[in-house]
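Summary of the model geometry
Take a look at the letters that make up each chain.
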Amino acid sequence: MSEIIRRDPRREWIARNRLHPDNAAVLAALGVNRGGGAVSEWMGPNGVVRKDPRAIGFIGPNGVKRIDRSGLQQGGQATATTTAARDSRRTVTIDQPAFLVAVVPDLTGGRLSGHDKDLLGLARRVADADAEQPGAVVAILFGEYKGEGGGELKEQTLGEAGIDRVVHLDDEFYAGFAPEARLAALSAVEREMTPRFWLFPDSPLGGADLGRRLALRLGERAATGVWQVEADNEASLGWRCTARGAAGSLDIQRPLPRVALALAECAEPVDETRHAAEHLTLAASIPTTLSRIEDLGQVAVDPAGVALAEAEFILSGGNGVKQWDAFHHAAKVLGATEGASRVAVDDGFMARDRQVGATGTWVTARVYMAVGISGAIQHLQGIQRCDKVVAINLDPGCDIIKRADLAVIGDSTQILAALVAMVEQQRGGQRDAA
Ligand SMILES: Cc1cc2nc3c(=O)[nH]c(=O)nc-3n(C[C@H](O)[C@H](O)[C@H](O)COP(=O)(O)OP(=O)(O)OC[C@H]3O[C@@H](n4cnc5c(N)ncnc54)[C@H](O)[C@@H]3O)c2cc1C
């Protein structure tokens, strides 16, 4: 018999498309068991082990099949599968690091954002470059850390993001906008640990400001807008970076300085190893009376007035929205900024400045809810940097569903109405309790 490995592109395509009616049968034929506790890995036709990065669907409490790609599934089978995925990670402990790479994540809402995880992936690359003398990644976390899931799982998330050591500063003193207090803490870390590199997310959520302040304090010329870092033996610290400059119009190459502010997607997040995330405390006491800045708290803004590029939560409508009044009402109740597909704009239902996509605005929302949008490539380009995508659509096979972290199959009007009713009921309950 011939040794040539024959591929069946159609079967492979069905195996990748978890919403295809034959998906389960094809996966079973390939030896993948998506049921309780089984691993989602199989030998591909060319002899390479293939991993299914998507979390496995599970039957939710109401009997409906749920697909959750956040890695936090609560269903029995899913928990087993998530555990299997977690167990497949290699545990790495670095007892005596040759050097430290400090990372200061934004930790927006008490959780590591996608940008934070990319940055930790970059830190890991730098720390692990020399297998003989690896470095350790130390994360400095300000404020409450909610993690993903509670208890042990919450701590595990830090290790799985690539963190070897954690300095967690959650005093009230660091809460809100407290750049002076945070800078004092970072200066203490610098004195006690002298990291080889300091990495910050170049984001308006905190990292961009704090990173520049620290660079000034340390007398370093920070690299900002970094999107690529490569090994370079001729650079003094062994690395070279490429950064966006001149208002994003050109790329600047330079040796990686000690302080770097990196953009999202500067590196792949860690997904194969688990690290110790050992907690450290600072020996020095940090002065708590130096603040000349008073944070008066957040100001309530009208979500409708928020620029799409800066919106954290977007409710976006497409050709599948049949009742636009109900859509606007839902956006108001949910406190979401409105976005739209090009068809909705071309048809005159939404203003041109609300268009999301390649020829509209590229958005970076933490939650992007696409209602009646098919997920054309031009639209998907505009939402690639969103953290979580929720799709409401009648067609389970459309491309937005494949991109979505959570998909709801059904009529947009009915689902929005149900969502609004739930939110109003919950708010009513909270008011009654108060
Ligand atoms: C050069 C170029 C640039 C473009 N730039 C952009 C861009 O920047 N942004 C952009 O969005 N598009 C852009 N487009 C257009 C893009 O190709 C698509 O045509 C457009 O995104 C489709 O919009 P839609 O998903 O709202 O509509 P459709 O493709 O018509 O999809 C409607 C969806 O709604 C669902 N649906 C129907 N009824 C219901 C219901 N009752 N309840 C729930 N779901 C329902 C359907 O299943 C379908 O998935 C561009 C095209 C070109 C050629």
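The structure under discussion appears in the preceding block.
Residues numbered from 1 in each chain as written. Predicted model: local features only at pLDDT ≥ 70, side-chain atom pairs only at ≥ 80, totals over all residues. Heavy atoms only, no water.

Attention shifts here to the overall build of the protein. Within the protein one finds 12 helices and 20 strands. In the protein, which comprises 434 residues, the proportion classed as buried is 46%. Contacts in the protein between residues at least 24 apart in sequence constitute 60% of all its contacts with a sequence separation of at least 6. (Helix = DSSP H or I, 4+ residues; strand = E, 2+ residues; numbered from the N terminus. Buried < 20%, exposed > 50% of the residue type's maximum accessible area, 1.4 Å probe, protein only. Contact = heavy atoms within 4.5 Å.)

Inspection of the secondary structure puts Arg-124 in helix α4 (residues 114-128). At a separation of 2.8 Å, a polar atom in the side chain of Arg-124 contacts the side chain of Asp-164. Among the polar contacts listed, one links the side chain of Arg-124 to the side chain of His-275, at a separation of 3.2 Å. When neighbours within four sequence positions are excluded, Arg-124 is seen to be in contact with Ile-94, Gly-135, Val-137, Gly-162, Asp-164, Val-270 and His-275. (Polar contact = N/O pair within 3.5 Å; in protein donor to acceptor, adjacent residues only side chain to side chain.)

Below, the discussion takes up the nonpolar core. Membership of the largest hydrophobic core comes to 33 residues, with the highest contact counts inside it found for Val-101, Leu-158, Leu-199 and Val-226. Secondary structure elements with two or more residues in this core: β6 (100-103), α4, β7 (136-142), β9 (197-201), β10 (223-231), β11 (239-245) and β13 (259-262). Sorting elements by how many residues they give to this core places α4 first, with 6 residues. Apart from residues no more than four positions distant in its own chain, Leu-158 is found in contact with Leu-112, Leu-141, Tyr-145, Ile-163, Val-166 and Ala-277. Ranked by size, the runner-up nonpolar core spans 31 residues in total, among them Phe-173, Met-193, Leu-210 and Leu-282. (Core = buried A, V, L, I, M, F, W, Y, C linked by side-chain atoms within 4.5 Å.)

Read across the sheet, 9 strands follow the order β12-β11-β10-β13-β9-β6-β7-β8-β15 without closing on themselves; strand pairing throughout is mixed. The strands lining the two open edges of the sheet, one partner per strand, are β12 (250-255) and β15 (278-280). Each strand axis lies, on average, 35 degrees off the axis of its neighbour in the sheet, ignoring direction. The pairing of β11 with β12 spans 6 bridges and is antiparallel. Directly across from Thr-242, in β12, lies its bridge partner Gln-253. Here α4 sits on the sheet and contacts β6, β7, β9, β10, β11 and β13; the angle it forms with β9, its principal contact strand, is near 160 degrees. Against the sheet, helix α6 (residues 179-193) touches β6, β7, β8 (165-169), β9 and β15, its axis set at about 155 degrees to β7. (Pairing = 2+ DSSP bridges. Axes fitted to C-alpha atoms, helices over the stretch in contact; angles between N-to-C directions.)

So, about the packing of helix α8 (residues 324-334) against helix α12 (residues 412-433). With their axes 10 Å apart at the nearest point, α8 and α12 run at an angle of 30 degrees to one another. Considering the angle they form, α8 stands roughly parallel to α12. Crossing handedness for the pair α8 and α12: left-handed. Residues Phe-327, His-329, Ala-330, Val-333 and Leu-334 of α8 touch α12, and the partners they reach there are Leu-416, Leu-419, Val-420, Val-423, Glu-424 and Arg-427. Per-class residue counts for the contact of α8 with α12 are 8 nonpolar, 1 polar and 2 charged. (Parallel < 35°, antiparallel > 145°, perpendicular 65-115°, else oblique. Left-handed = near helix turned anticlockwise from the far one by under 90°. Nonpolar A, V, L, I, M, F, W, Y, C, P; charged D, E, K, R; others polar.)

Within this structure, the stated rule accounts for 14 salt bridges. The partner of Arg-274 in a salt bridge is Glu-160, and the shortest N-O contact between them spans 3.4 Å. Taken together, the residues span a long stretch of sequence, with Arg-274 in strand β14 (residues 273-275) and Glu-160 in helix α5 (residues 151-160) at a distance of 114 residues. Here Arg-274 matches Glu-160 in class, with each residue buried. Across the salt bridge formed by Arg-240 and Asp-232, the nearest N and O atoms sit 2.6 Å from each other. Asp-232 gets classed as buried once you look at its relative accessible area, which sits at 16%. Three or more residues joined by partner-sharing salt bridges are found here, namely Arg-124, Asp-128 and Asp-164. (Salt bridge = Lys/Arg side-chain N within 4 Å of Asp/Glu carboxyl O.)

This part covers the site of the ligand. Neighbouring the ligand are 25 residues; Ser-341, Thr-359, Ser-374, Asn-393 and Asp-411 lie closest to it. At 3.1 Å from an oxygen atom of the ligand is found a main-chain nitrogen or oxygen belonging to Ala-358. Here an oxygen atom of the ligand sits 2.8 Å away from a polar atom, N or O, in the side chain of Gln-378. Computed on the free molecule, the ligand has an accessible area of 980 Å², of which 74% lies beneath the protein chains in the complex. Along the lines of polarity and charge, the residues of the shell around the ligand split into 6 nonpolar, 15 polar and 4 charged. (Near = heavy atom within 4 Å. Areas by Shrake-Rupley, 256 points an atom, 1.4 Å probe, with all protein chains shown as cover.)

Attention now moves to the pairing of β7. Judged by how many residues are buried, β7 sits mostly within the fold: 7 of 7 residues are covered. The side-chain alternation of β7 yields two buried faces, one formed by Ala-136, Val-138, Ile-140 and Phe-142 and the other by Val-137, Ala-139 and Leu-141. Relative to β7, β6 runs parallel, the two being bridged by 4 bridges. Bridge pairing in β7 places Val-103 opposite Ala-139. Each parallel crossover has a hand, and the one from β6 via α4 to β7 is right-handed. Here β7 runs beside β8; their pairing, made up of 5 bridges, is parallel. In the strand pairing of β8, Ile-140 is matched with Val-167. (Right-handed = clockwise from strand over helix to strand, strands pointing away.)

In this section: α8. Turning to α8, its buried residues number three or more, namely Trp-324, Phe-327, Ala-330, Ala-331, Val-333 and Leu-334. Contacts from the buried residues of α8 go to β16 (313-317), β17 (337-340), α9 (342-346), β18 (367-371) and α12. Just downstream of α8 lies Gly-335, where phi reads positive at about 75 degrees.

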